[in-house]
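Chain by chain, the residues:
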Amino acid sequence: MTNLIKILQEQKDFSETEIMIATYLLANFRKLAGMSTRQLGKNTYTNSAAIVRFSQKLGFSGYTEFRVQFLAEMMQYINHPKGEELVVSTKDSIHSLIDKVTAIEIDTLKETRNMLNPEDFLKALNLFIKSKHIDFYAMDNNLDIARIASAGFIMANKCSSVHSPMTMQYLQATSASKDHLGFIISRTGNNRMLLDIARLLKLRGISFILITASPNSEIASLADVVFSVASVKQMEELGPRVFLLGAKYVTDIMFTMLMTRLDYHESQQKEQWLNKHFRY
């Protein structure tokens, strides 16, 4: 965690306008997830340009990048206001490790929740409704999340495909028709091969959704809908596994969203048939 919360609290070398913005952010951070620069400017008696300048003064490229980092740090701060150490070490007992991993994963879900905008799920749902097939694009451990999500989407009557080899993923992007929906999972948002696929999908007029920890990445700039999730850089803080937890959380919400649109009796019959013929 950086010192962003401390900077906003101390307000050192802040102008009157910046003090108003910082004070509002600290007091109303729970409302920030779906708030635009225009809305924030109105609530702080400033304007969109002032919000962007404020974000850039703090070292961010813009408001979106600032908002993601601020919400992530704020959730850590309210859960650990005294800065309790959550990084694991060789000195930790089993008890301590259990408590730290539990705290890290709970914090991850809370941080991700505060980054999510319900409007993005509505946009994603509209893309799901229009599409006939979901094509997943991911690498390494992210493929596990893709497989879990794919199985859930199939249960929700939405056919989907996951291919492990990148060659197959390239071929999938090359041959997919416009009634397909791409679904990319990339923590950094800058993986060269996934970026190639994102560009290809965009070139062919195929919409795609992105789950990432880098909402200002190159792939994110091409996506139709971007879901930001929490992540950390240090392996001692569970590293990329934190991102996997947040990514699965987002796909679980999507699965639930799709399931609520199904006919209840049809879903029940499918579940009964599977229980009768398969043990899973």
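Structural data are supplied above this passage.
Residues numbered from 1 in each chain as written. Predicted model: local features only at pLDDT ≥ 70, side-chain atom pairs only at ≥ 80, totals over all residues. Heavy atoms only, no water.

With that out of the way, let us pick up the packing of helix α2 (residues 16-27) against helix α4 (residues 48-57). In a packed pair of helices, the relevant descriptors are the angle between the two axes and the axis-to-axis distance. In contact at an axis separation of 11 Å, α2 and α4 are set at 85° when each is read in the N-to-C sense. Here α2 is positioned roughly perpendicular relative to α4, judged by the angle of their axes. Here Thr17, Glu18, Ile21, Ala22 and Leu25 of α2 lie close against α4, whose contacting residues are Ala50, Ile51, Phe54 and Lys57. Grouping the amino acids of the contact of α2 with α4 by side-chain chemistry returns 6 nonpolar, 1 polar and 2 charged. (Axes fitted to C-alpha atoms, helices over the stretch in contact; angles between N-to-C directions. Helix = DSSP H or I, 4+ residues; strand = E, 2+ residues; numbered from the N terminus. Parallel < 35°, antiparallel > 145°, perpendicular 65-115°, else oblique. Contact = heavy atoms within 4.5 Å. Nonpolar A, V, L, I, M, F, W, Y, C, P; charged D, E, K, R; others polar.)

Within strand β4 (residues 208-212), 5 of the 5 residues are buried, leaving the element largely enclosed by the surrounding structure. The two faces of β4 match: Phe208, Leu210 and Thr212 on one face and Ile209 and Ile211 on the other face are all buried. As paired elements, strand β3 (residues 180-185) and β4 share 4 bridges and run parallel to each other. The residue bridging Phe183 from the neighbouring strand is Ile209, located in β4. For the handedness criterion, the β-α-β arrangement of β3, helix α10 (residues 192-203) and β4 is classed as right-handed. In this structure, β4 lies alongside strand β5 (residues 225-228), joined through 4 bridges in parallel fashion. For Ile211, the partnering residue across the bridge sits in β5 and is Phe227. (Buried < 20%, exposed > 50% of the residue type's maximum accessible area, 1.4 Å probe, protein only. Pairing = 2+ DSSP bridges. Right-handed = clockwise from strand over helix to strand, strands pointing away.)

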